[in-house]
Amino acid sequence: MQFFAFHLMPWDRLPADFGDRYETAWTWLPNSMYDPQHGHALYNRYLDELVLAEELGFDGVCVNEHHQNAYGTMPSPNLMGAILARQTKRVKIAVIGNALPLYNPPTRVAEEFAMIDVISGGRLIAGLVVGGGPEYYSFTVNPTFARSMFHEAMDLVLRAWTEPGPFEHYGEHWKLKYVNPWPRPIQQPHPTIWIPGAGSKETIELVAARRFGYMGIPYFHIDFFRKNFDAFREACEKNGYTASPYQLGWLCPIYVAETDEQAWAEYEKHLFYFAHHLLKGLVVLPPGYTSIRSIAGIHKALGSFLSNAKSRDDIERGAYAIVGSPATVRQKIAEYAKELGVGNLLGLFQLGTLPADLTRKNMTTFARLEVGG
Amino acid sequence: MKTTFHEIRGRRTQVTVGGDGPPLVYLHSAGGETQWAPFHAMLAERFTVYLPAHPGFDSSEGLETIRDIQDLAWHYIDLFAELKLSAVPVVGFSLGAWIACEMSVLRPQLASKLVLTAAAGLHVPGSPMAELFIDDLAKLRKLLFFDPAGPAVNEAMPESLDDPRIYLWLKAREATARVGWNPYLHNPRLRQHLWRIAQPALVLWGRQDKLIPLTHGEAYARELPNARLEVIENCGHMVPWEKPAEFAEAAVRFLRDE
């Protein structure tokens, strides 16, 4: 099993009356709430936590992209990836991912990812994503073109990495006379590619056919992961090969402390700040972003989404987060990882308002327990 | 009335026709009122009403080849030719009124007179259109109607995601977003062409339209060379649903007498 430390870099200071006054932590949440002085401390603290992951022996660190929200204050994960490329020496740097339709032209992604790969000496994992529903409101990019823009951009980025330039790209959404990005990535033929998915059949088939990695989008009930990972393995078989466990990643909030009771006492309020405040408004379905037929399925799965969890019991039953003593955490991770058949565990060790001291204690305890063991 | 299908340059297009009298074309809104509604019936007392469904709405196909509002305008130019319609009155509501304008800029002879009801299509500085693409149907009802508890509301739109009409509603939403997401429900270059629409036009608006404020109606009435604005009181954006009699009377009076 490979262990990754994933950071969302959340905003931890929403007003006490947020729940009553605001319908969403996304897109429309007034940015007057963002305090740049506190942001200065927060960004540096969060980066330190990812650097700590290398010191503790983790295999990699993960960052991702979201815009105009309090859930994750990382509109440019590539900036974070670039900093980590210099501040770490060994870990994989997984940027999962760049929301391709938001980059114009998307050759920008080929360039920036190649820069991170070259600076880090080939340690980049390149995540390619469609972007979340809120992003289509925040960027006013037409969601009815989301899928076709993603596919065109993905092909273009791969071609830019693997085919000698300059060449012409003449697509539906972009027309580029001279595609010839400098630098080229160190990893050949191109960096490892991970694509996150929330169970859409189209995404599963695409990732299986191209032999990329499939990362399950979190906050759904554990049964939802199980179903999607089974579907992925099946899709790989249909493509004539058996999926490697390293093609699958399970992203999950983790908190470990001395005892189960202490873990819950320390963690609970921070977890629910995340579940009830920061997740509020994450799932929106802009028109055309999802096929009409899959909206019904998503609607159903949302009934068992983390934001609906009210108690410790709900969390444990859905395995929305793994919380407890070292023995509990170790046993649960072993059990679920086996059930899901995953080779990558992407742990969220900081969540919501979880402060620096508890985050470090959590990561250190977890590393002693699992990492390198 | 009768529903038939026509191949319009490769797009299978649903057209419902009903009523008696000279032809009239009704171009529907983002809400997709493609099933015969009370206000269609009222117009059909005096006219033979042609009610086509735009590509991607109801059983009309071909949204894949629609990229923007001008593609829709050309679709209607082709549809008018196929149905042998020319110099006929065109009644448009919201998205449909916007299409009627775009089509008339390109082919002024197709519409003899225009009824533009709560028309999308313009950007009016300081008077933004509200967000139509929200998931919350209760909020949407408040946005679209003067009286969100009125009798027409449940006829006009699904009650919840479990309503069987939700499938057509989601299709309509997607087909609207295709041409109306960005720029938002307007064409920045339409205004500079409105002088080309010289035929008589009635601009009909609900006083309390919260989606497309009345200032947009005033802008249309000002920029169109031969237009008059009529405001319906105690009425939101959904004029034909909320005030069907006033809507149909105003349209018929204008089309027959003026």
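The following paragraphs examine the structure supplied in this document. Because the structure is a prediction, the values reported are computed rather than measured.

## Things to note about the nonpolar core
Among the nonpolar cores identified, the biggest contains 239 residues, and A:Y219, A:W250, A:F366, B:Y26, B:F80 and B:Y220 are the most heavily contacted of them. In this view, A:Y219 contacts A:L8, A:Y71, A:F274, A:L279, A:L282, A:S304, A:F305, A:L306, A:Y320 and A:L348; residues no more than four positions away in its chain are not counted.

## Some thoughts on the layout of surface pockets
Computed from the structure, the second largest pocket encloses a volume of approximately 1100 Å³. Broken down by secondary-structure element, the contributors of at least two residues to the lining of the second largest pocket are α9 (260-278) and α10 (292-302) of chain A together with α4 (137-144) and α6 (166-180) of chain B. The element that contributes the greatest number of residues to the lining of the second largest pocket is α6(B), accounting for four residues. Along the lines of polarity and charge, the residues of the lining of the second largest pocket split into 18 nonpolar, seven polar and seven charged.

## Examining a negative patch on the surface
Residues and elements named next belong to chain B. A grouping of E7, E61, E64 and E82 is seen on the molecular surface, where their side chains present a negatively charged patch. Its location among the elements puts E82 in helix α2 (residues 69-82). By relative accessible area, which is 42% here, E82 ends up partly exposed.

## Description of empty space enclosed by the protein
Residues and elements named next belong to chain B. A full pass over the atoms with the stated rule returns four cavities of 30 Å³ or more. Reported here for the largest cavity is a volume of approximately 220 Å³. What lines the largest cavity is a set of 19 residues, among which A30, G31, L132, L144 and W169 lie closest to the centre. Every element with two or more residues in the lining of the largest cavity is listed here: α4 and α6. Residue contributions to the lining of the largest cavity peak at four residues, all from α6. Looking at side-chain class alone, the lining of the largest cavity contains 13 nonpolar, five polar and one charged residues.

## Focus: the packing of helix α12 (residues 326-340) of chain A against helix α13 (residues 356-369) of chain A
All names here are of chain A. Contact geometry of α12 with α13 gives a least axis separation of 11 Å together with a crossing angle of 60°. The pairing of α12 with α13 is recorded here as oblique in orientation. Helix-helix and strand crossings are classified by hand; for α12 and α13 the assignment is right-handed. In this structure, α12 uses P326, V329, R330 and I333 to contact α13, whose residues at the interface are T365, F366 and L369. Split into classes, the residues belonging to the contact of α12 with α13 amount to five nonpolar, one polar and one charged.

## Let's talk about unusual backbone geometry
That bond from A:N104 to A:P105 is cis: its omega, -5°, falls within 30 degrees of zero. Mapped onto the elements of the fold, A:P105 is located in the loop between β3 (92-99) and α4 (107-119). With an omega of 0°, the peptide bond between A:Q188 and A:P189 qualifies as cis. Along the chain, the position of A:P189 falls in the loop between β6 (175-179) and β7 (192-197). Even without glycine at this site, B:R9 takes up a positive phi of about 45°. Phi at B:A118 is positive, roughly 45°, even though this residue is not glycine.

## A closer look at the interface of chain B and chain A
Chain B puts 15 residues into the contact, and the matching count from chain A is 20 residues. For the pair chain B and chain A, the summed buried area comes to about 1700 Å², and 57% of that belongs to carbon and sulfur atoms. Taken together, chain B and chain A are joined by two salt bridges. Per-element accounting of the side of chain B that touches chain A gives the leading share, seven residues, to α6(B). Considered class by class, the residues forming the side of chain B that touches chain A number six nonpolar, one polar and eight charged.

Rules used in this analysis
Residues numbered from 1 in each chain as written. Chains lettered and ligands numbered in written order. Predicted model: local features only at pLDDT ≥ 70, side-chain atom pairs only at ≥ 80, totals over all residues. Heavy atoms only, no water. Core = buried A, V, L, I, M, F, W, Y, C linked by side-chain atoms within 4.5 Å. Buried < 20%, exposed > 50% of the residue type's maximum accessible area, 1.4 Å probe, protein only. Contact = heavy atoms within 4.5 Å. 1 Å grid on protein atoms, 1.4 Å probe; cavity = no way out; pocket = protein on both sides within 12 Å on 5 of 7 lines; lining within 4 Å. Points joined across faces, edges and corners; volume = space filled by probe spheres on them. Helix = DSSP H or I, 4+ residues; strand = E, 2+ residues; numbered from the N terminus. Nonpolar A, V, L, I, M, F, W, Y, C, P; charged D, E, K, R; others polar. Patch = residues over 30% accessible without salt bridge, like charges linked within 9 Å, V, L, I, M, F, W, Y side chains within 5 Å. Areas by Shrake-Rupley, 256 points an atom, 1.4 Å probe, with all protein chains shown as cover. Salt bridge = Lys/Arg side-chain N within 4 Å of Asp/Glu carboxyl O. Lys, Arg positive; Asp, Glu negative; His and termini not counted. Charge placed at Lys NZ, Arg CZ, Asp CG, Glu CD. Axes fitted to C-alpha atoms, helices over the stretch in contact; angles between N-to-C directions. Parallel < 35°, antiparallel > 145°, perpendicular 65-115°, else oblique. Left-handed = near helix turned anticlockwise from the far one by under 90°. Buried area = accessible area lost by both parts, 1.4 Å probe.

In short, geometric facts, not functional conclusions.
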